[in-house]
Amino acid sequence: MSGELSAQATASEQGYEGALRPTSLAEFVGQSKVRRQLGLLLDAATMRRHTPDHILLAGPPGLGKTTLSMIVATELDKPLHQTSGPAIQHAGDLAAVLSALTPGEVLFIDEIHRMARSAEEMLYLAMEDFKVDIMVGKGAGATSVPLELSPFTLVGATTRAGLLPNPLRDRFGFTAHLEFYSDDELSNVVRRASGLIEFGLSESGIDEIARRSRGTPRIANRLLRRVRDYGLVHGVPGDTSTVQAALALYDVDDHGLDRLDREVLRAVVERFNGGPVGLSTLAVSVGEESETIEAVVEPFLVRTGLLSRTPRGRVATRLGWEHLGAVPPGIPAE
């Protein structure tokens, strides 16, 4: 019986996850300019009865790149095939994916900048002429056999557009740069999601979650689920005090900083007197990998003005000192 309940709970949670994703451009919240551009591209392709140009979605994680790829397929009424750059490590991997596509199908490659170079070079020809060259045999007897492909639309997503080689980037007919969300846009995201998961939140509670979501819908939805769990377990309404208590339990402060964010900022301020401090030294001091600090923690701290990157290393700003309740050097305490 408990196993059945567990399976039902898992299925229910997966249903919530799927329900939180908008299924059309009209339902998609935020990114108004990208939505207008993408809508024009898809409408024109539908009117011409032609596959749309290939689409590149660039921006930080959690802003809706995967959701937009699903919407593209839905708006075109075509199937969607999903894969990722790390999964395509050989040209043969890409050839297998491309040869299985049906006419008009949408191919979504997440983290496309992490594809193998040999696969990237094969993709050039596939995107332009809808064909690939397959090498048959080895050594002096190897021959190239052209393979015709069905017309398809490639939607590539990347968090680091600068790592894409120019020949690949130039083959995308439309590039969308997704921006961080404003608090008002995130409030709309949380309001919509709370209705879908049937959890009543006050307007002040909605705004409180939005304010701590770091400009990212994925984080907003994650915090909403944690607040819902807190309200369910403790039997309390979804007001501001419930949101504050739930997020305090999960170490999310008023500015959206989590435990690791505060550890990094505190290390710069307290252990290195505000910096400058090198990335590797900072990573060792908090017991994390340098890549984690640079890719996960630093972008938000720099964007909010709590940390600064200089040629000599990381430096805490005045806002960073004040966030920890400390006084920057050279400023007398009141």
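Just so it is clear, the structure is predicted and the values come from calculations on it, not from any experiment.

Our focus in this paragraph is the nonpolar core. Of all hydrophobic cores here, the largest spans 43 residues; its most connected members are L38, L68 and L201. The greatest single-element share of this core, amounting to six residues, is contributed by helix 9 (residues 217-234). Residue contacts for L201: discarding those within four places in its chain leaves V190, S194, I206, I209, L224, V227, G238 and V243. Counting 25 residues, the second-largest nonpolar core is a separate cluster that includes L94, A119, F152 and L154.

With that out of the way, let us pick up the packing of aromatic side chains. For the structure shown, the criterion picks out one aromatic pair. Ring plane angle 75° and centroid distance 5.5 Å describe the contact between F130 and F152, whose orientation is recorded as edge-to-face. Of this pair, F130 sits in the loop between helix 5 (117-129) and strand 4 (131-136) while F152 is found in the loop between strand 5 (143-148) and strand 6 (153-158), placing the two residues 22 residues apart along the sequence. Classification of F152 as buried rests on a relative accessible area of 0%. Its end group placed over the ring of F300, R214 keeps NZ or CZ at 4.0 Å from the ring centre. Over the face of the ring belonging to F180 we find R303, whose NZ or CZ atom lies 3.6 Å from the ring centre.

What follows deals with the pattern of salt bridges. Counted by the stated rule, this structure contains 17 salt bridges. The partner of R117 in a salt bridge is E120, and the shortest N-O contact between them spans 3.0 Å. Here R117 and its partner E120 are both found in helix 5, three residues apart, which amounts to about one turn of the helix. Residue classification places E120 among the buried positions, given a relative accessible area of 3%. In this structure, E203 engages R191 in a salt bridge whose closest nitrogen and oxygen atoms are separated by 2.8 Å. Placement of the pair is E203 in helix 8 (residues 203-211) and R191 in helix 7 (residues 183-196), with a sequence separation of 12 residues. Through salt bridges with shared partners, a single network forms among E208, R211, R212 and D254.

One open sheet accounts for five strands, arranged 2-3-6-1-7; its pairing is parallel. Of all the strands in the sheet, just strand 2 (80-84) and strand 7 (174-177) have a single pairing partner and so form its edges. Adjacent strand axes in the sheet meet at a mean angle of 15° when their direction is disregarded. Sheet topology places strand 1 (residues 55-58) next to strand 6; four bridges connect them, and they run parallel. Its bridge partner being in strand 6, I55 is matched across the sheet by V155. Helix 3 (residues 65-76) contacts strand 1, strand 2, strand 3 (106-110) and strand 6 of the sheet and is inclined by roughly 175° relative to strand 3.

For the rest of this paragraph, the subject is the packing of helix 7 against helix 9. Following both chains from N to C, one finds helix 7 and helix 9 inclined at 45°, their axes separated by 10 Å at the closest point. Taken as axis vectors, helix 7 and helix 9 run oblique relative to one another. Judged by the sense of rotation from one axis to the other, the crossing of helix 7 with helix 9 is right-handed. Contacts between helix 7 and helix 9 pair L186, V189, V190, A193 and S194 from the former with P217, A220, N221 and L224 from the latter.

Conventions used here
- Residues numbered from 1 in each chain as written.
- Predicted model: local features only at pLDDT ≥ 70, side-chain atom pairs only at ≥ 80, totals over all residues.
- Heavy atoms only, no water.
- Core = buried A, V, L, I, M, F, W, Y, C linked by side-chain atoms within 4.5 Å.
- Buried < 20%, exposed > 50% of the residue type's maximum accessible area, 1.4 Å probe, protein only.
- Helix = DSSP H or I, 4+ residues; strand = E, 2+ residues; numbered from the N terminus.
- Contact = heavy atoms within 4.5 Å.
- Phe/Tyr/Trp six-rings, centres within 6.5 Å; stacked < 30°, edge-to-face > 60°.
- Lys NZ or Arg CZ within 6 Å of the ring centre and 35° of its normal.
- Salt bridge = Lys/Arg side-chain N within 4 Å of Asp/Glu carboxyl O.
- Pairing = 2+ DSSP bridges.
- Axes fitted to C-alpha atoms, helices over the stretch in contact; angles between N-to-C directions.
- Parallel < 35°, antiparallel > 145°, perpendicular 65-115°, else oblique.
- Left-handed = near helix turned anticlockwise from the far one by under 90°.

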